[in-house]
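# Examination of the molecular architecture
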Amino acid sequence: MEHNQDSKFEESFLPMTSIGSGIGTLVQPDIYCYTDQIVNLVLVGNPSETKEFVLIDTGMPKSAEEIKEMVQERFGEQARPKAIVLTHGHFDHVGSLVILLEDWNIPVYAHELELPYLTGKKDYPPGDPDVGGLVAKMSPTFPNHGINISAHVQPLPEDGTVPNMPGWKWVHTPGHTPGHISLFREQDRALIAGDAFVTVKQESLYKVMTQTQEISGPPKYFTPDWDMAFESVKKLAALKPQVAVTGHGLPMSGEELSENLNYLVEHFADIGRPESGRYVN
Ligand SMILES: [Zn+2]
């Protein structure tokens with residue numbers, strides 16, 4: 001099978017953005033969340049204590065320069081992460097990865113089941129326009145092809161540890177994609193959830209643009225396995241996170257987070273899963 005391997009997303013033009021774009025939020029002293037247009041990436045590492053840090057996800061296509069500037073602003077000139085960890089391989093999480101790797105010769109870690117999409121072997125299913133919302137309507141035009149970073153990518157360690165991130169564990173949270181992972185640190189109950197759940201209604205263009213906070217399951221147009229997605233939300237709620245950075249939307253913490261996450265679990269059939277759509281039944 002011939003796959004489109006435009007790993008640099010040179011053909012992709014995505015005019016979507018939000019009021020949060022270009023803004024960074026310090027979630028914990030060593031967790032920095034940065035919004036690139038409509039997606040979040042995270043730097044883990046405290047610059048006043050160490051020069052070593054890890055980048056989680058790599059933003060939209062054509063954002064490499066902006067991401068490098070953001071990294072240098074936080075960790076100093078010439079700074080580069082020790083590694084990149086991917087929550088999953090959707091275009092808005094790996095958009096600038098290949099260009100960044102041209103500059104940074106560093107390892108990339110992902111779940112074993114995500115590797116086919118990162119080594120040019122598989123494409124994701126296309127976006128489903130029929131799950132409601134304008135972003136969903138646009139989603140069939142979003143790139144869904146896999147990329148090829150075979151020279152850099154390797155599977156996360158089987159014991160659940162995360163290289164260069166002491167104290168953190170990766171948690172398999174499939175459904176949105178087969179090898180989707182979240183990252184959890186027991187010590188302060190910090191969660192980096194990727195798209196396992198998000199804090200904005202990602203299907204709604206208006207809510208994305210205004211970054212209106214609203215607990216939501218994974219982005220509906222790009223989620224093919226809803227039973228697994230529900231299991232993954234339950235798994236994350238059971239960890240009782242104190243603070244969460246999600247792939248889209250603003251960080252959430254404390255009681256607001258626990259109440260919203262429990263609400264999502266209890267009402268997943270209504271607010272998580274789409275009523276109808278290509279991947280529902
Ligand atoms: Zn995604």
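Everything below is about the structure printed above this text.
First, a word on scope: everything that follows refers to the structure included in this document. (Residues numbered from 1 in each chain as written. Predicted model: local features only at pLDDT ≥ 70, side-chain atom pairs only at ≥ 80, totals over all residues. Heavy atoms only, no water.)

The helix and strand tally for the protein chain stands at eight helices and twelve strands. Taking 281 residues into account, the globule formula puts the C-alpha radius of gyration at 19 Å, and the protein chain, at 17 Å, falls close to it. The principal-axis extents of the C-alpha atoms in the protein chain amount to approximately 50 × 45 × 40 Å. Counting every position in the protein chain, which comprises 281 residues, the buried fraction comes to 58%. Across the protein chain, the fraction of contacts at a sequence separation of at least 24, relative to all contacts at a separation of at least 6, is 65%. Of the accessible surface of the protein chain, which amounts to about 11,900 Å², a share of 50% is contributed by carbon and sulfur atoms. Taken as two groups, the 21 positive and 38 negative side-chain charges of the protein chain have centres that lie 2 Å from each other. (Helix = DSSP H or I, 4+ residues; strand = E, 2+ residues; numbered from the N terminus. Rg over C-alpha atoms; globule rule 2.2 N^0.38 Å. Buried < 20%, exposed > 50% of the residue type's maximum accessible area, 1.4 Å probe, protein only. Contact = heavy atoms within 4.5 Å. Areas by Shrake-Rupley, 256 points an atom, 1.4 Å probe, with all protein chains shown as cover. Lys, Arg positive; Asp, Glu negative; His and termini not counted. Charge placed at Lys NZ, Arg CZ, Asp CG, Glu CD.)

Looking now at unusual backbone geometry. The phi dihedral of K62 falls on the positive side, at around 65°, and the residue is not glycine. Not every positive phi belongs to a glycine, and K240 is a case in point at roughly 50°. Within the fold, K240 resides in the loop between α6 (226-238) and β11 (243-246).

Pairing analysis gives four bridges linking strand β1 (residues 24-28) to strand β2 (residues 31-36), with the strands arranged antiparallel. Each bridged residue has a counterpart across the sheet, and for G24 the counterpart in β2 is Y34. Hairpin geometry of β1 and β2 is characterised by an intervening segment of two residues between the two adjacent antiparallel strands. (Pairing = 2+ DSSP bridges.)

Our next topic: the coordination of the zinc ion. Every protein donor of the zinc ion is listed here as H88 (NE2), H90 (ND1), H176 (NE2) and D195 (OD), and their distances to the metal cover 2.2 to 2.3 Å. Around the zinc ion, the four donor atoms are arranged such that angles at the metal cover 87 to 177°; this shape is classified as irregular. Linear spacing of the donor residues for the zinc ion on their chain is H-x1-H-x85-H-x18-D. Linking H88 in the loop between β5 (83-85) and α2 (91-94) with H176 in the loop between β8 (168-172) and β9 (181-185), this pair joins segments that are 88 residues apart in sequence. In terms of burial, H88 and H176 fall into one category: buried. (Donors = N, O, S within 2.8 Å, 3.2 Å for Na, K, Ca; no water. Tetrahedral: all angles 85-135°; square planar, octahedral: opposite > 155°, others 65-115°.)

What follows is about the environment of P125. For P125, the location among the structural elements is in the loop between β6 (108-110) and α4 (134-138). For the pair P125 and T177, spaced 52 residues apart in sequence, the C-alpha separation works out to 9.6 Å. Ignoring anything within four residues of it in the chain, the contact list for P125 reads N144, F222, P224 and Y279.

Now for the packing of α6 against helix α7 (residues 254-266). Viewed as axis vectors pointing N to C, α6 and α7 meet at an angle of 150°, and their least axial separation amounts to 10 Å. When the interaxial angle is binned, α6 and α7 end up roughly antiparallel. For the pair α6 and α7, the crossing hand works out as left-handed. Along the contact surface, α6 presents F230, V233, K234, L236 and A237, while α7 presents L261, L264 and V265. Here the residues of the contact of α6 with α7 are counted per class, giving seven nonpolar, no polar and one charged. (Axes fitted to C-alpha atoms, helices over the stretch in contact; angles between N-to-C directions. Parallel < 35°, antiparallel > 145°, perpendicular 65-115°, else oblique. Left-handed = near helix turned anticlockwise from the far one by under 90°. Nonpolar A, V, L, I, M, F, W, Y, C, P; charged D, E, K, R; others polar.)

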